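Geometric and topological summary
Given next are the chains, with one letter for each unit.
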Amino acid sequence: MTDNARTHAPRGLPAPPPLGAAALPPGTYAGQVVLVTGGGTGLGKAIAAEFARLGAGVVIAGRRAEQLAVACGELAALPGAGKVAAAVCDIRDPERVAEVFDAAEAALGAPDVLVNNAAANFPCPAEDLSPNAWRAVVDTTLTGTWFMTREFARRHLAAGTPGSIVNVGASYAWTGGPGFAHSAAAKAGVKNLVETLAVEWGPYGIQINGLVPGLVPHEDMTADIRGGLERSAPGAKDSRQPALRVGAPRELGWAATFLASPYARFVTGHTLVVDGANWQRRSLVQPAVVPVRDQLGRGPFSP
């Protein structure tokens, strides 16, 4: 191999700065309160951590009190962190949603930033989805996001104060998601809310943006998604990422803190994809089509 060939060998995107590095000036969120749904584990906790490092008071909401308690301790111990509180909430219930905002305000003050991260998902052929399975995903991912967003905005509109919302989405809001019809439809709705509400609420100082993660390992992902991540790990022979690596949770957290920050006040109605260009990847020759049922190891459809 020539020296020139070695220079141009695929290397992928560089690794991010180390955990604990800050993307914004220290204290950017001092005196502000950030409410993160699904903040007790996984990407929600990673997003909450980056707001905490920048001085925010953080309220994490979720359905499991024990997970929230552990996460509160971890977040409060971060350098630069403000106060941390938790609120148990099922975002599918609008009355509980109002209560979680009341609890957040009582503990730390009215939230200045809302991060809608909570969602539900599992792979399934569309024809096998029961009404309850459909509702379980759509009611959490889309309707729950709407309930949280509506409550946040109504309180800021009544108070005459600005606010910022970040909705965590998915790239199949654009492309469709075979095997995930319920989630893809819900995430398309979440993306549309970003674009619609940015126009409606911009005059009142409320900005709203979307944030789409790529393949990012975290502890609460399903086994089927984790298997795909393991095949895409650095150095894997069948790496499927243009970046030749997967994402780090902190990279999503840095993006969220920017979108909600004073440095992004003129950015609204936008969805930022943080996935190393994976969703735009196409082959020169498309691989053979494998039906979703076969991919999931399901037998022939039987009503």
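All values derive from a computational prediction rather than experimental measurement. (Residues numbered from 1 in each chain as written. Predicted model: local features only at pLDDT ≥ 70, side-chain atom pairs only at ≥ 80, totals over all residues. Heavy atoms only, no water.)

With that settled, consider the overall build of the protein. When helices and strands are tallied, the protein shows 10 helices and seven strands. In terms of overall dimensions, the protein is globule-like: its C-alpha atoms have a radius of gyration of 20 Å, near the 19 Å expected for 303 residues. Projected onto its principal axes, the C-alpha coordinates of the protein cover approximately 60 × 60 × 40 Å. Buried residues in the protein amount to 45% of all 303 residues. Counting every atom, the protein has about 15000 Å² of accessible surface; 58% of that belongs to carbon and sulfur. When the 26 positive and 25 negative side-chain charges of the protein are each reduced to one mean point, those points stand 5 Å apart. (Helix = DSSP H or I, 4+ residues; strand = E, 2+ residues; numbered from the N terminus. Rg over C-alpha atoms; globule rule 2.2 N^0.38 Å. Buried < 20%, exposed > 50% of the residue type's maximum accessible area, 1.4 Å probe, protein only. Areas by Shrake-Rupley, 256 points an atom, 1.4 Å probe, with all protein chains shown as cover. Lys, Arg positive; Asp, Glu negative; His and termini not counted. Charge placed at Lys NZ, Arg CZ, Asp CG, Glu CD.)

All right, on to the packing of helix H5 (residues 131-159) against helix H7 (residues 181-201) then. With their axes 8 Å apart at the nearest point, H5 and H7 run at an angle of 15 degrees to one another. Taken together, H5 and H7 sit at an angle that is classed as roughly parallel. Of the two possible hands of crossing, H5 and H7 adopt the one that is right-handed. Every residue of H7 that contacts H5 at Ala-133, Trp-134, Val-137, Val-138, Thr-141, Leu-142, Thr-145, Trp-146, Thr-149, Arg-150, Ala-153 and Leu-157 is listed here: Ala-181, His-182, Ser-183, Ala-185, Ala-186, Lys-187, Gly-189, Val-190, Leu-193, Leu-197 and Trp-201. (Axes fitted to C-alpha atoms, helices over the stretch in contact; angles between N-to-C directions. Parallel < 35°, antiparallel > 145°, perpendicular 65-115°, else oblique. Left-handed = near helix turned anticlockwise from the far one by under 90°. Contact = heavy atoms within 4.5 Å.)

Right, let's talk about helix H9 (residues 249-259) for a bit. Burial within H9 is extensive, with nine of its 11 residues counted as buried. Burial in H9 covers these residues: Arg-250, Glu-251, Leu-252, Gly-253, Trp-254, Ala-255, Ala-256, Thr-257 and Leu-259. Tucked inside the fold, the buried residues of H9 contact helix H2 (42-53), strand S5 (163-168), strand S6 (206-213) and strand S7 (271-274).

What follows is about the pairing of S5. Most of S5 is tucked away, with six of its six residues classed as buried. Going residue by residue along S5, you find Gly-163, Ile-165 and Asn-167 tucked away on one face and Ser-164, Val-166 and Val-168 tucked away on the opposite face as well. Taken together, the four bridges between strand S4 (residues 113-116) and S5 define a ladder with parallel strand orientation. By the bridge assignment, Leu-114 is partnered in S5 with Ile-165. For the segment spanning S4, H5 and S5, crossover handedness is right-handed. (Pairing = 2+ DSSP bridges. Right-handed = clockwise from strand over helix to strand, strands pointing away.)

Turning to the sheet that holds strand S2 (residues 57-62), a few remarks are in order. Spatially, seven strands are ordered S3-S2-S1-S4-S5-S6-S7 in an open sheet, and the strand pairing comes out parallel. The outermost strands of the open sheet, each flanked by one partner alone, are strand S3 (84-88) and S7. Direction aside, the axes of adjacent strands within the sheet are offset by 20 degrees on average. With five bridges connecting them, S2 and S3 associate as parallel partners. Looking at S3, one finds that Val-59 is bridged to Ala-85. Of the strands in this sheet, S2 and S3 touch helix H3 (residues 65-76), which is tilted by about 170 degrees from S3.

Keep in mind these values describe shape, not function.
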